[in-house]
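This is what each chain is made of:
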Amino acid sequence: MAAFALSACSTDTPQSVLQPQGEFARKADALWDITFAIAIAVFVVVQGLLLYAIFRYRHKPGREAAQFHGNTRLEIAMTIIPALILLGLAVPTVATVFDLAAEPTGADVIHISVEGRQFWWRYDYTDLDIVTANELHIPTGQPIDLSIEGYDVNHSFWVPRLGGTQDVVPGRTSRLTLEADDPGTYLGQCKEFCGLSHSNMNLRVIAHDPGDFEQWVSDQQEPAAAPSDSLAAEGAELFVNGAADAQFAGGPSCASCHAIEGLDGAVGIIGPNLTHFAARNTFAGAIFQNNESNLRAWLANPPERKPGSQMPNLQLTTGQIDALVAYLQTLE
Ligand code: CUA
């Protein structure tokens, strides 16, 4: 219990809802502050009365413990007081719920369609013609209107410091508004058990100053550059067509599942769009740093690195991995 209590003293808490860093997270936190204060007051009063009664009416030598059988006035008071407290709490709660549920309006609202999939996040910037995965880039100080859809099973989208949580349910579109005060990286994750790699379904929100965000947008809107050297060109070829050897040929190629704008034939929609893969800090549900060794280990056996991954083990040879990694690293 001491360890549990002392965990509250930690300062390294990237996913703490109690340290909101945006307007919408702050509104939810303000509601929590009110509720917590009232809960503390109720706790102190109730436990105080309990302790008082225990000591005042306890059994002592020469005196039986006191017994009480019903007290109409007391019972009416014990019903009405909690009801009034709950009624009082309902006022700010309902107001905040409606406030947070309102669709943000204004010219500066960014609309993004979010899809939760086993086990990664797909983001479609509907007005900007950008599709990316896991790392959600946003400008600071602007409301981000997320329209959230389920693709396979239930998930839940949550970036604790920037906003509330939203269930992701197949067949239903839900809304969530986020906003970040300052540039930075905000961690989040899927909050609804969704299968073997539920705990590997992380995400990050990367907030930029508006000028930097515009730069990011224009970079993302460019198609992928053509491979710069022969190994990378070999990787691009492999990506689309598979290889001529027995295991990879004729089976699925990378392009069956992944799209890369600017690479002919790469239009798959099962896995993340990889157009600017090398510009991402992480991959595979934001669980691995995007570097060469992680990429090699991933390509060698995705389901081993991330249980339940939809990406199969394609039995790639070392040479094929060399070429694919060289190509993926050109996708700035
Ligand atoms: Cu997706 Cu848990």
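In this text the structure is predicted, and so the values were computed from the model without any measurement. (Residues numbered from 1 in each chain as written. Predicted model: local features only at pLDDT ≥ 70, side-chain atom pairs only at ≥ 80, totals over all residues. Heavy atoms only, no water.)

Q: For this particular structure, what's the right way to read the side chain of N290?
A: Note on placement: N290 falls in the loop between β12 (288–289) and α7 (292–300). Engagement of the side chain of N290 in a polar contact is seen with the backbone oxygen of F277, the distance being 3.1 Å. Once you skip the residues sitting within four places of it in the chain, N290 turns out to touch F277, A278, R280, N281, T282, F283 and L295. (Helix = DSSP H or I, 4+ residues; strand = E, 2+ residues; numbered from the N terminus. Polar contact = N/O pair within 3.5 Å; in protein donor to acceptor, adjacent residues only side chain to side chain. Contact = heavy atoms within 4.5 Å.)

Q: Hey, could you run me through the domain arrangement of the protein in this one?
A: Interfaces are often sized by the amount of accessible area the parts lose when they come together. What the domain assignment lists for the protein is domain 1 (18–56 + 68–101), domain 2 (110–220) and domain 3 (230–328). Taken together, the contacts link 10 residues of domain 1 with 12 residues of domain 2. Summed over both partners, the interface of domain 1 with domain 2 comes to about 840 Å²; 41% of that surface belongs to carbon and sulfur atoms. Between domain 1 and domain 2 we count 1 salt bridge in total. Our count for the contact surface shared by domain 1 and domain 2 stands at 5 residue pairs in polar contact (both at pLDDT 80 or more). It is helix α2 (residues 23–56) that provides the largest number of residues to the side of domain 1 that touches domain 2, a total of 4 residues. Broken down by class, the residue content of the side of domain 1 that touches domain 2 amounts to 5 nonpolar, 3 polar and 2 charged. (Domains from an automatic or database assignment. Buried area = accessible area lost by both parts, 1.4 Å probe. Salt bridge = Lys/Arg side-chain N within 4 Å of Asp/Glu carboxyl O. Nonpolar A, V, L, I, M, F, W, Y, C, P; charged D, E, K, R; others polar.)

Q: Looking at this model, I keep getting lost on the packing of aromatic side chains. Mind explaining?
A: Each aromatic ring pair is characterised by the separation of its centres together with the angle its planes make. Applying the stated criterion across every chain yields a total of 10 aromatic pairs. Geometrically, the ring pair formed by F288 and W298 is tilted, given 6.0 Å between the ring centres and 55° between the ring planes. Residue F288 is found in strand β12, and its partner W298 is found in helix α7; the two are separated by 10 residues along the sequence. Between the NZ or CZ atom of R117 and the centre of the ring of Y151, over which it lies, the distance is 3.6 Å. Directly above the aromatic system of F288 lies the positively charged group of R305, at a separation of 4.3 Å from the ring centroid. (Phe/Tyr/Trp six-rings, centres within 6.5 Å; stacked < 30°, edge-to-face > 60°. Lys NZ or Arg CZ within 6 Å of the ring centre and 35° of its normal.)

Q: So what exactly am I meant to see when it comes to the pattern of salt bridges here?
A: Close approach of charged atoms lets side chains of opposite charge pair. Under the criterion given, the structure shown has 7 salt bridges. In this structure, R175 and D145 form a salt bridge, with 2.8 Å as the shortest nitrogen-oxygen distance. You can see R175 sitting in strand β8 (residues 173–178) and its partner D145 sitting in strand β5 (residues 144–150), a full 30 residues away along the chain. Exposure remark for R175: the relative accessible area of 22% places this residue in the partly exposed category. With a relative accessible area of 5%, D145 lands in the buried category. Across the salt bridge formed by D322 and R296, the nearest N and O atoms sit 2.5 Å from each other. Taken together, the residues D322 in helix α9 (residues 318–328) and R296 in helix α7 connect sequence positions 26 residues apart. (Buried < 20%, exposed > 50% of the residue type's maximum accessible area, 1.4 Å probe, protein only.)

Q: Help me understand the sheet that holds strand β3 (residues 130–133), please; the structure alone is not making it clear to me.
A: Hydrogen bonds along the backbone pair up the strands of a sheet, which may run parallel or antiparallel. Taken in spatial order, the 5 strands line up as β3-β2-β1-β5-β8 in an open sheet, and their pairing is mixed. Both outer strands of the open sheet, β3 and β8, are each paired with one neighbouring strand and no more. Across the sheet, the axes of successive neighbouring strands diverge by a mean angle of 25°, strand direction being ignored. Where strand β1 (residues 110–117) and strand β2 (residues 120–125) come together, 6 bridges link them in antiparallel fashion. Residue pairing in the sheet places S113 in a bridge with D124 of β2. (Pairing = 2+ DSSP bridges. Axes fitted to C-alpha atoms, helices over the stretch in contact; angles between N-to-C directions.)

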